[in-house]
Amino acid sequence: MSKEQERPRTKGLHLRKPISEDGAAIWELIRECKPLDENSMYCNLLQCDHFSDTSVVAELDGEIVGWISGYIVPNEEALFVWQVAVSARARGLGLGGKMLDHLIEREECGDVSALKTTITEDNDASWGLFKSFARRQGGELTDEAHYTEEDHFGGRHDTEHMVTIDLPEEEDMASAA
C-alpha cells in the first residue's frame with residue numbers, strides 16, 4: 001500500500017486516555033476480538049476510570065477501534081500490559097504498535113524501565129507485536145513460563161509466559177543516536 005493510499009485510513013486516528021464512559025464500547029470491542037479473554041463490562045469501566053493514565057484508546061473517525069489496558073506493577077518500575085485489542089476495521093495500520101509507543105512515552109510512564117505482559121505460546125500476533133515493540137525501543141525481550149496451565153488455570157487455559165522487555169535508559173538511547 002502506498003503512503004497516499006494509507007493516509008485516508010489513518011487520517012482520523014486519535015490516541016487518548018480512556019474515560020469511564022468508554023467502558024461499554026471497550027467491552028464490545030474486546031468481545032469482537034476473539035480469542036481475547038472477556039472481562040465484565042464493570043471491569044472495563046474500572047480500567048478506564050482507575051487506570052486511564054496507563055491505558056490507551058484509539059479512535060478512528062470517532063469510533064473506538066483500539067484499546068490497551070495496563071498498570072504500573074506495585075513496587076516495580078514496570079508497566080504491565082493487560083490486554084491489547086484492535087478492531088478488524090483498524091487491522092493492518094500498525095495500531096497495536098502505535099498504541100504501545102504512545103503509552104510508554106506518557107509522562108506517567110517516565111520512571112518505567114520495563115514493559116511486561118503475558119502471552120500464550122501460540123499467540124503469534126502478540127509475540128510479533130511485542131518483539132517489534134522491543135526492536136523499535138531498543139529493548140531486550142525475555143520470557144519464561146509464569147502462570148502455568150496446571151498450577152494456575154486448573155488445566156482450563158494455556159500457560160501464560162511472562163514477557164519482559166527491559167527498556168534502555170534515555171542516556172543509552174542518546175549515545176546510540
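Residues numbered from 1 in each chain as written. Predicted model: local features only at pLDDT ≥ 70, side-chain atom pairs only at ≥ 80, totals over all residues. Heavy atoms only, no water.

Another aspect to go through is a negative patch on the surface. On the surface, a cluster of negative charge is made up of Glu121, Asp122, Asp124, Asp143, Glu144, Glu149, Glu150, Asp151 and Asp158. If you trace the backbone, aspartate 124 turns up in helix 5 (residues 124-137). (Patch = residues over 30% accessible without salt bridge, like charges linked within 9 Å, V, L, I, M, F, W, Y side chains within 5 Å. Areas by Shrake-Rupley, 256 points an atom, 1.4 Å probe, with all protein chains shown as cover. Salt bridge = Lys/Arg side-chain N within 4 Å of Asp/Glu carboxyl O. Lys, Arg positive; Asp, Glu negative; His and termini not counted. Charge placed at Lys NZ, Arg CZ, Asp CG, Glu CD. Helix = DSSP H or I, 4+ residues; strand = E, 2+ residues; numbered from the N terminus.)

The next subject is the sheet that holds strand 2 (residues 56-60). Paired through their backbone hydrogen bonds, the strands of a sheet run either parallel or antiparallel. Taken in spatial order, the 7 strands of this open sheet run 1-2-3-4-5-7-6, and their pairing is mixed. What marks the edges here is a single partner per strand, and that holds for strand 1 (13-16) and strand 6 (140-147). On average, each strand axis in the sheet is tilted by 25° relative to the strand beside it, whichever way the strands run. In the sheet, strand 1 pairs with strand 2 via 4 bridges, with the strands oriented antiparallel. Looking at the pairing, arginine 16 lines up with valine 57 of strand 2. Helix 2 (residues 23-32) rests against strand 2, strand 3 (63-72) and strand 4 (78-86) of the sheet, and its axis sits at about 95° to strand 3. (Pairing = 2+ DSSP bridges. Axes fitted to C-alpha atoms, helices over the stretch in contact; angles between N-to-C directions. Contact = heavy atoms within 4.5 Å.)

The subject of this paragraph is helix 2. Turning to helix 2, its buried residues are Gly23, Ile26, Trp27, Leu29 and Ile30. Projection of helix 2 onto a plane perpendicular to its axis shows the buried side chains occupying an angular sector of 160°, all on one side. Summarising the contacts, the buried residues of helix 2 are in contact with helix 3 (41-50), strand 2, strand 3 and strand 4. (Buried < 20%, exposed > 50% of the residue type's maximum accessible area, 1.4 Å probe, protein only. Arc of directions from axis to C-beta.)

Turning our eyes to something else, we now look at the confidence of the model for the protein. Any region with low pLDDT has predicted coordinates that should not be read closely. Looking at the protein, the pLDDT average stands at 90 and 90% of residues meet or exceed 70. With pLDDT under 50 throughout, residues 1-8 is counted as low confidence; its partners more than four residues away or in other chains account for 2 contacts. (pLDDT = per-residue confidence, 0-100.)

Residue proline 35 follows lysine 34 across a cis peptide bond; omega there is 10°. With respect to the helices, strands and loops of the structure, proline 35 is situated in the loop between helix 2 and helix 3. Unusually for a residue other than glycine, aspartate 61 sits at a positive phi of about 55°. As for its position among the elements, aspartate 61 is in the loop between strand 2 and strand 3.

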